[in-house]
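# Structural overview
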Amino acid sequence: MRAAVVPEAGAEFELVEREVPDPGPGEVLVEVDACGICHSDVFTKEGTYPGVAYPRIPGHEVAGHVAAVGEDVTTWHEGDRVGAGWHGGHCFTCEPCRRGKFLQCENADITGLTFDGGYAEYAAVPAEALARIPDDLAAVDAAPLLCAGITTYNALRNSGAHAGDLVAVQGIGGLGHLALQYAHAAGFETVALSHSPDKRDLALDLGADHFVDTAEEDPAAALQDLGGARVVLGTAPSSDAIESVVGGLGNDGELVVVGVPGDPVSVDVQYLVGTRGDVGGWGSGHARDSQDTLEFSDLRGIAPRTETYPLAEVSAAYDRMLSNDARFRVVLEP
Ligand SMILES: [Zn+2]
Ligand SMILES: [Zn+2]
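Residues numbered from 1 in each chain as written. Chains lettered and ligands numbered in written order. Predicted model: local features only at pLDDT ≥ 70, side-chain atom pairs only at ≥ 80, totals over all residues. Heavy atoms only, no water.

Looking at an unreviewed UniProt entry, one finds the protein chain named Alcohol dehydrogenase and attributed to Halomarina ordinaria. According to the UniProt record, the Sequence similarities (unreviewed entry) comment for the protein chain reads "Belongs to the zinc-containing alcohol dehydrogenase family." (UniProt positions renumbered as here; feature names shortened; annotations may be inferred.)

What follows is the structure, given as structure tokens:
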């Protein structure tokens with residue numbers, strides 16, 4: 001098979017020919033139809049995550065179909081359309097697993113990081129890490145939903161917001177353009193917060209009821225004018241941006257951060273005490289959460305905006321993702 005390999009931490013991609021992996025016990029061989037390039041692939045490319053062994057094939061937005069199953073796999077069959085996200089499997093026996101908290105598994109695998117991912121024609125994936133892809137959902141659309149999609153969908157549906165509540169999405173990029181669609185589909189009064197006024201039309205098109213140009217307007221004041229946010233979903237990985245919206249939370253408001261800034265965030269705790277507010281974080285979900293995301297996206301016609309590249313152009317595709325200019329998710333088609 002053809003694969004894009006990171007030979008060692010910080011090195012350039014190498015396109016190589018490799019043997020198609022043999023699925024071991026409990027594993028499924030997935031023929032990859034599409035694989036999204038996520039900013040978290042930087043962990044694999046640059047070796048900034050503990051425990052990456054090289055050479056490694058990145059890619060944790062893997063959409064494809066089952067080519068073969070290993071011993072003991074009863075839940076998947078050849079031809080099934082399946083996808084794998086960041087959560088690449090769990091041990092079923094540690095304390096968090098015994099409590100059903102598979103995402104917090106102490107021995108969790110990460111697709112494209114602790115085992116080879118989807119920048120290749122095939123990937124061998126633990127059976128419990130796979131989600132079923134609905135028939136009508138294209139692989140190119142399903143791929144980004146397996147990380148950017150699940151992260152925003154799962155963060156919103158696990159928040160305290162109910163239909164009609166004011167929910168703001170901060171940052172209209174790879175995560176934010178999906179979050180707006182989910183927030184609208186969930187029945188929230190949806191606010192887009194962006195410092196790019198050229199994204200106004202797009203944000204309204206994706207389901208925002210309000211657009212706040214944060215370069216011109218204080219987002220906290222704008223949210224208070226709208227009654228105060230029940231939830232702000234922070235997708236922009238910037239501590240300044242995160243700090244700027246805390247004052248926009250209404251009573252019992254929650255700031256849920258999914259875009260991780262490189263530096264600490266300071267918040268006005270007095271304000272949080274006074275409003276019973278929360279500042280917290282959220283990270284993706286397990287395979288059934290992925291499947292919920294795919295099914296809901298299919299039901300409501302929610303899809304990412306994508307730019308596609310062949311596997312041979314992996315370096316250009318990766319640079320495009322890093323550039324922040326992609327509209328909005330870059331996807332490889334091996
Ligand atoms: Zn990701
Ligand atoms: Zn475990």
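Quick look at the overall build of the protein chain now. The helix and strand tally for the protein chain stands at 10 helices and 15 strands. The C-alpha radius of gyration computed for the protein chain amounts to 20 Å, which stays within 12% of the reference 20 Å derived for 334 residues, consistent with globular compactness. Evaluated residue by residue, the protein chain yields a buried proportion of 53% over its 334 residues. Sequence-distant contacts in the protein chain: of pairs separated by 6 or more residues, those separated by 24 or more amount to 67%. Just so you have it, the protein chain exposes about 14000 Å², and 46% of that area is on carbon and sulfur atoms. Seen as two clouds, the 20 positive and the 52 negative side-chain charges of the protein chain have centres 4 Å apart. (Helix = DSSP H or I, 4+ residues; strand = E, 2+ residues; numbered from the N terminus. Rg over C-alpha atoms; globule rule 2.2 N^0.38 Å. Buried < 20%, exposed > 50% of the residue type's maximum accessible area, 1.4 Å probe, protein only. Contact = heavy atoms within 4.5 Å. Areas by Shrake-Rupley, 256 points an atom, 1.4 Å probe, with all protein chains shown as cover. Lys, Arg positive; Asp, Glu negative; His and termini not counted. Charge placed at Lys NZ, Arg CZ, Asp CG, Glu CD.)

Moving on: the pairing of strand 5 (residues 81-84). Relative to strand 5, strand 4 (residues 62-69) runs antiparallel, the two being bridged by 4 bridges. Paired with Val62 across the bridge in strand 5 is Ala84. In the sheet, strand 5 pairs with strand 7 (residues 130-132) via 3 bridges, with the strands oriented antiparallel. Each bridged residue has a counterpart across the sheet, and for Ala84 the counterpart in strand 7 is Leu130. (Pairing = 2+ DSSP bridges.)

This next bit is on the domain arrangement of the protein chain. Domain assignment breaks the protein chain into domain 1 (2-148 + 285-333) and domain 2 (159-281). Scanning the region where domain 1 abuts domain 2 turns up 1 salt bridge. A salt bridge links Asp205 to Arg305; its shortest N-O distance comes to 3.6 Å. On the surface where domain 1 and domain 2 come into contact, there are 3 residue pairs in polar contact (both at pLDDT 80 or more). At the level of elements, helix 3 (139-157) and helix 9 (287-300) are the ones that each hand at least two residues to the side of domain 1 that touches domain 2. Of the residues assigned to the side of domain 1 that touches domain 2, the class counts are 7 nonpolar, 2 polar and 4 charged. (Domains from an automatic or database assignment. Salt bridge = Lys/Arg side-chain N within 4 Å of Asp/Glu carboxyl O. Polar contact = N/O pair within 3.5 Å; in protein donor to acceptor, adjacent residues only side chain to side chain. Nonpolar A, V, L, I, M, F, W, Y, C, P; charged D, E, K, R; others polar.)

On to the coordination of the zinc ion (ligand 2), then. In the first shell of the zinc ion (ligand 2), the protein supplies Cys91 (SG), Cys94 (SG), Cys97 (SG) and Cys105 (SG), at 2.3 to 2.4 Å from the metal. For the zinc ion (ligand 2), the 4 donor atoms are set out with angles of 103 to 119° between them, so the coordination reads as tetrahedral. If you list the donors of the zinc ion (ligand 2) from N- to C-terminus, the spacing comes out as C-x2-C-x2-C-x7-C. (Donors = N, O, S within 2.8 Å, 3.2 Å for Na, K, Ca; no water. Tetrahedral: all angles 85-135°; square planar, octahedral: opposite > 155°, others 65-115°.)

Going through the model one piece at a time under the given rule, you end up with 16 salt bridges. In this structure, the salt-bridge partner of Glu121 is Arg2, at a minimum N-O distance of 3.6 Å. Here the residue Glu121 occupies a position in the loop between helix 2 (95-98) and strand 6 (122-126), and Arg2 occupies one in strand 1 (residues 2-5), the gap between them amounting to 119 residues. Judged by relative accessible area, Arg2 falls into the partly exposed class, the value being 32%. Between Arg157 and Asp289 there is a salt bridge, with its nearest N and O atoms 2.9 Å apart. Of this pair, Arg157 sits in helix 3 while Asp289 sits in helix 9, and the two are 132 residues apart along the sequence.

Quick look at the layout of surface pockets now. Here the idea is plain: a probe the size of a water molecule rolls over the atoms and shows the empty space left. The calculated volume of the second largest pocket comes to roughly 190 Å³. Taken together, Gly100, Lys101, Phe102, Leu103, Gln104, Asn154, Asn158, Trp282, Gly283, Gly285, His286 and Asp289 form the lining of the second largest pocket. Here the lining of the second largest pocket is built from residues that sort into 3 nonpolar, 7 polar and 2 charged. (1 Å grid on protein atoms, 1.4 Å probe; cavity = no way out; pocket = protein on both sides within 12 Å on 5 of 7 lines; lining within 4 Å. Points joined across faces, edges and corners; volume = space filled by probe spheres on them.)

With that settled, the discussion passes to the coordination of the zinc ion (ligand 1). Ideal geometry at a metal centre: 109.5 degrees between donors when four sit tetrahedrally, and 90 or 180 degrees when six sit octahedrally. Taken together, the protein ligands of the zinc ion (ligand 1) are Cys38 (SG), His60 (NE2) and Cys147 (SG), with distances of 2.0 to 2.2 Å. The exposure class assigned to Cys38 is buried, which follows from its relative accessible area of 6%. Cys147 sits in the buried class, given a relative accessible area of 9%.

Another point: the packing of aromatic side chains. Using the criterion set out here, one finds 9 aromatic pairs in the structure. An aromatic cluster of at least three residues, connected via ring pairs, comprises Phe13, Tyr119 and Tyr318. It is Lys45 that lies over the ring of Phe13; its NZ or CZ is 5.4 Å from the centre. (Phe/Tyr/Trp six-rings, centres within 6.5 Å; stacked < 30°, edge-to-face > 60°. Lys NZ or Arg CZ within 6 Å of the ring centre and 35° of its normal.)

A separate point is empty space enclosed by the protein. Counted according to the given criterion, the structure contains 1 cavity of 30 Å³ or more. Here the largest cavity is characterised by a volume of approximately 40 Å³. What lines the largest cavity is simply Gly85, Trp86, His87, Ala129, Leu146, Ile150, Ser284, Gly285, His286, Ala287 and Ser290. Looking at the lining of the largest cavity, the elements with two or more residues in it are helix 3 and helix 9. Each residue belonging to the lining of the largest cavity can be placed in one class, and the counts come to 5 nonpolar, 6 polar and no charged.

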